[in-house]
Protein chains: 2
Amino acid sequence: MRLNETETTFMEYVKKMEAFKEALQLIYWDLRTGAPKKGVKQRSQVIGTLSDEYYQMSISEEMAAFIAKLSGQKEELPELVQKTLEECKTIYDRNKKIPPNEYKEYVILQTEAENVWEEAREKSDFAMFKPYLEKLVDFNKKFIEYWGYKGNKYDTLLDLYEPGVTVETVDKEFETLKGAIAPLIQKINESGNKQATDFLYQPFPKEKQREFSLKILEQMGYDLGAGRLDETIHPFATGLNPGDVRITTRYYDNDWRMAVFGTIHEGGHALYEQNISEELIGTPLCRGTSMGIHESQSLFYENILARDKSFWEYNLELLRKYAGGILDHIRLDEFYRAINKAEPSLIRIESDNLTYSLHIIIRYEIEKGLFNNEINVEDLPDIWNDKYEQYLGIRPKNDAEGVLQDVHWAAGNFGYFPSYALGYMYAAQIKNAMVREITEYDGLLKSGNLKPIKEWLTKHIHRYGKTKKPLELIKEATGEGLSAKYLTDYLVKKYSAIYNL
Amino acid sequence: MRLNETETTFMEYVKKMEAFKEALQLIYWDLRTGAPKKGVKQRSQVIGTLSDEYYQMSISEEMAAFIAKLSGQKEELPELVQKTLEECKTIYDRNKKIPPNEYKEYVILQTEAENVWEEAREKSDFAMFKPYLEKLVDFNKKFIEYWGYKGNKYDTLLDLYEPGVTVETVDKEFETLKGAIAPLIQKINESGNKQATDFLYQPFPKEKQREFSLKILEQMGYDLGAGRLDETIHPFATGLNPGDVRITTRYYDNDWRMAVFGTIHEGGHALYEQNISEELIGTPLCRGTSMGIHESQSLFYENILARDKSFWEYNLELLRKYAGGILDHIRLDEFYRAINKAEPSLIRIESDNLTYSLHIIIRYEIEKGLFNNEINVEDLPDIWNDKYEQYLGIRPKNDAEGVLQDVHWAAGNFGYFPSYALGYMYAAQIKNAMVREITEYDGLLKSGNLKPIKEWLTKHIHRYGKTKKPLELIKEATGEGLSAKYLTDYLVKKYSAIYNL
């Protein structure tokens, strides 16, 4: 790639921004994995300085000049420069359109709101959180006006997390999903079939859980020379650069699934970040293209691959070696049914792989209503509870297990929730495309050879980083646009078999 | 503290520089404690960006303007601003006086020289390293001319690590030290007395070494809520801010002393950084005032306090609890004599508490000769070996165990070595002043109550950070200027008793 002078200066400028970002990511990782509490106050100053430096560079006159100059010759730019420019312009426009004082106010509000939400959730007191949530919604309504919108106002928020995906698409696919899952849940309930899961809740030494988790990561193709596994209360994955992608997990003494499936989930995210093409390093394109596509990678590994009977045909024996006897007398079939138990519940993050999407759809419908002025904040608890009763057949007894359960709104993250269900749909669709090419998919799982699967994902997803938009990527990887069909087919087939429907 | 506009802007500017520095320190800590290898290349880019940002700010026109404006009204400035200004001016002058292209060349040379040195040491081939060392010395000679000097040229280099301390002072004190240690070593050799140390080299589980080390850190008053203990090949302490001062240590299966005394050494450094006055946070004054004073804190704890019989009167019983039986039959007296064994050896970092200073004095005399054009690089191996024979009575068989053993010169750190022996002298002098006030010093050690000792050090040393220069600090803490007398008295008394002289 030969660059002219402006292009080179621009790419150097961007590299500097990315350096600040990588330093920030390391600081956040450190804060979450064991930084001494008493140093946090001063560390926030450091975060403030670096974030501000990044922010100022993203809206500087220098950046404006780069955008103006390079946009004029866009067609002649090398692809990498062109895509980098597009990304910078998106950020520039987004940051520049909000008046600085409003942005500051909003940042302060976010911190306050999160603190109040925490207390409100503890006390199950929605009234306490309501004024903050109202302000957060109002701010975002203003932002939508600043940023502009074509069709649905909520599209503008969706675009923050899933660029190019609109209400029109999501409505259609979520309807399909709802239409398949709701009756399936009802059939399961009516069948009266239940599976034994008691044997899952037995002591399993933490160190052994860790060793097994590392074995599975290795199988998946996670490169420990370019990563590490630590322990945190809230598991996460963070890609500082493709050579340094760290994951964390959480160990429960009496439920090894938390650590194992959690590690697999984060491992899926990590494979994405580890396998982004090297040439993207130092540009804003060197990360996952969207929340939804990122989630497709973690959910493919956690829900689809690692909850497949073939996967455990190979790994149950291995798990037994670490489990100290507690699983020795459990048959593969029993085991498989137990880890795939489906039962409506109230808390999203504790829900199963079948009902999960309904939790997301409820949140999506509410957000869409809020930003199209069809729902008021004060009515949220009732609307929430009604929807749970309607879709899942159970009703929260209080707001702590209802509308107050998630942090997202308190943090001002509207438009984020749909990514989870979009990710699940992408995952099923991707798997369908994958097995068309990797016809021995089942055999690979049965022999613990997951490398070809990672390679397929790298070839079709990972390596592109942010150079392709989500829908473009899905189209190219699977041959068609987003479709809920593959997830519904997968769920219906799988759960009908498990519950003998 | 009320500040006017310029003062406030200046302090904000400085805070930003310090934020970059703290981020850099965290990155270095991370690289040494477990960052994935494959991410290092990109991490160097991040380091480059942040270092450059800091460097540019230190010599910017803005900084020049602050210095010009505030220096004019120096007397009216609040003390904190005044001291900060002085520190910034020192750095400004130092960085500004070296032509940028020479500085760049020098940085590249440092990296190359370190790589060549590593290979040369392995092959014990001084000739290989010689041209690099010559260039490093020449560069530093040029720097001395740029920076200027009054008396001895070597003073300018000493000033980098021990501001205000000159050849005149060091010569005098090192002569005293040499005059006391050399004959003492000779007497020990002639006495033929030896102590048994075999029992020290026995298996001691790493996890138990760690637990015991943490107990001692706790006794010392190291705040684990403002720090953490990790494992590295080369132990170190790093103060990111007073609320986050991390230490590392190294575990040897068959020699627990490495971890325990190493942790105590780094713990001494850490106490210094943890107890710097809060008001200095975010300024360049929020660190130890010099290498020598820093070393005085680590050496006081490691060599003086933790090798005192009274200390082990309390702690030997505790150590036995972790040692799994290997020390059960060892009497306190035997133990005390074993951990204080003195015997001339060739490698500085493996040497004992008595002969250590001679290793330093040899290096000091050579450096002084080099920069006053009395010694040529090509003659170093012979001069080195002659001095070892003269002072320690043993002669290196090759350059690997002679002139090539230390990294300091390869890294261009001339003027650094004296700090180690200065630190030891400060430590003995400080202890002498301390026991004048804390008359129950011995009793405190015997009862494991080390808090009053830490408090004394905080009151007289720690809290001042870099607001007082080393000699000013020592004068105020001990009532007199630097004097080798206390260290020689301490060594003569202690080793005469141990070796029944």
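The rules behind these values
Residues numbered from 1 in each chain as written. Chains lettered and ligands numbered in written order. Predicted model: local features only at pLDDT ≥ 70, side-chain atom pairs only at ≥ 80, totals over all residues. Heavy atoms only, no water. Helix = DSSP H or I, 4+ residues; strand = E, 2+ residues; numbered from the N terminus. Rg over C-alpha atoms; globule rule 2.2 N^0.38 Å. Buried < 20%, exposed > 50% of the residue type's maximum accessible area, 1.4 Å probe, protein only. Contact = heavy atoms within 4.5 Å. Areas by Shrake-Rupley, 256 points an atom, 1.4 Å probe, with all protein chains shown as cover. Domains from an automatic or database assignment. Buried area = accessible area lost by both parts, 1.4 Å probe. Salt bridge = Lys/Arg side-chain N within 4 Å of Asp/Glu carboxyl O. Polar contact = N/O pair within 3.5 Å; in protein donor to acceptor, adjacent residues only side chain to side chain. Phe/Tyr/Trp six-rings, centres within 6.5 Å; stacked < 30°, edge-to-face > 60°. Lys NZ or Arg CZ within 6 Å of the ring centre and 35° of its normal. Pairing = 2+ DSSP bridges. Axes fitted to C-alpha atoms, helices over the stretch in contact; angles between N-to-C directions.

Participant: Whenever I open this one, the overall build of chain A confuses me. Can you help?
Facilitator: Counting its secondary structure elements, chain A contains 20 helices and three strands. For a compact globule of 501 residues, the expected C-alpha radius of gyration is about 23 Å, and chain A comes in at 23 Å, within 12% of that figure. With the C-alpha coordinates of chain A rotated into their principal frame, the extents come out at 70 × 55 × 50 Å. Across the 501 residues that make up chain A, the buried fraction comes to 58%. Within chain A, contacts between residues separated by at least 24 positions form 73% of all contacts whose residues are at least 6 apart in sequence. With an accessible surface of roughly 21,100 Å², chain A has 48% of that area assigned to carbon and sulfur atoms.

Participant: Can you walk me through the domain arrangement of chain A in this structure?
Facilitator: Interfaces are frequently sized by the accessible area removed from exposure as the parts join. All names here are of chain A. Along its sequence, chain A is organised into domain 1 (5-148) and domain 2 (198-344 + 434-469). Counting each side, the surface lost to burial between domain 1 and domain 2 is near 1,700 Å², with a carbon and sulfur contribution of 59%. In this assembly, domain 1 and domain 2 are joined by two salt bridges. Viewed at the interface, domain 2 and domain 1 are joined by six residue pairs in polar contact (both at pLDDT 80 or more). When residues of the side of domain 1 that touches domain 2 are traced back to their parent elements, those giving at least two are helix H1 (5-33) and helix H4 (79-97).

Participant: Which parts of the structure should I look at to understand the packing of aromatic side chains?
Facilitator: The description of two aromatic rings rests on the distance between their centres and on the angle between their planes. Taken as a whole and assessed by the stated rule, the structure comprises 59 aromatic pairs over all chains. When the centroid spacing of 5.3 Å and the interplanar angle of 50 degrees are considered together, the rings of A:Tyr106 and A:Phe139 count as tilted. Placement of A:Tyr106 in helix H5 (residues 100-123) and of A:Phe139 in helix H6 (residues 126-147) is noted, with a sequence separation of 33 residues between them. On the accessibility criterion, A:Tyr106 (6% relative accessible area) is buried. Ring geometry for A:Phe417 against A:Tyr420: centres 6.3 Å apart, planes inclined by 45 degrees, an arrangement best described as tilted. Looking at A:Tyr420, the relative accessible area reads 11%, which means it is buried. Cation over ring: A:Lys485 sits above A:Tyr486, and NZ or CZ is 5.0 Å from the ring centre. Stacked on the ring of B:Phe261, the Lys or Arg B:Arg307 has its end atom at 3.9 Å from the ring centre.

Participant: What's the story with the sheet that holds strand E3 (residues 244-249) of chain B in this structure? I'm lost.
Facilitator: Neighbouring strands of a sheet are bound in pairs by backbone hydrogen bonds; such pairs are parallel or else antiparallel. Residue and element names in this part refer to chain B. Taken in spatial order, the three strands line up as E1-E3-E2 in an open sheet, and their pairing is mixed. Looking at strand neighbours, the two that pair on one side only are strand E1 (229-231) and strand E2 (237-241), the edges of this open sheet. Neighbouring strand axes in the sheet, compared pairwise and without regard to direction, differ in orientation by 25 degrees on average. Along the sheet face, helix H10 (residues 256-274) touches E1, E2 and E3 and points at about 165 degrees away from the line of E3.

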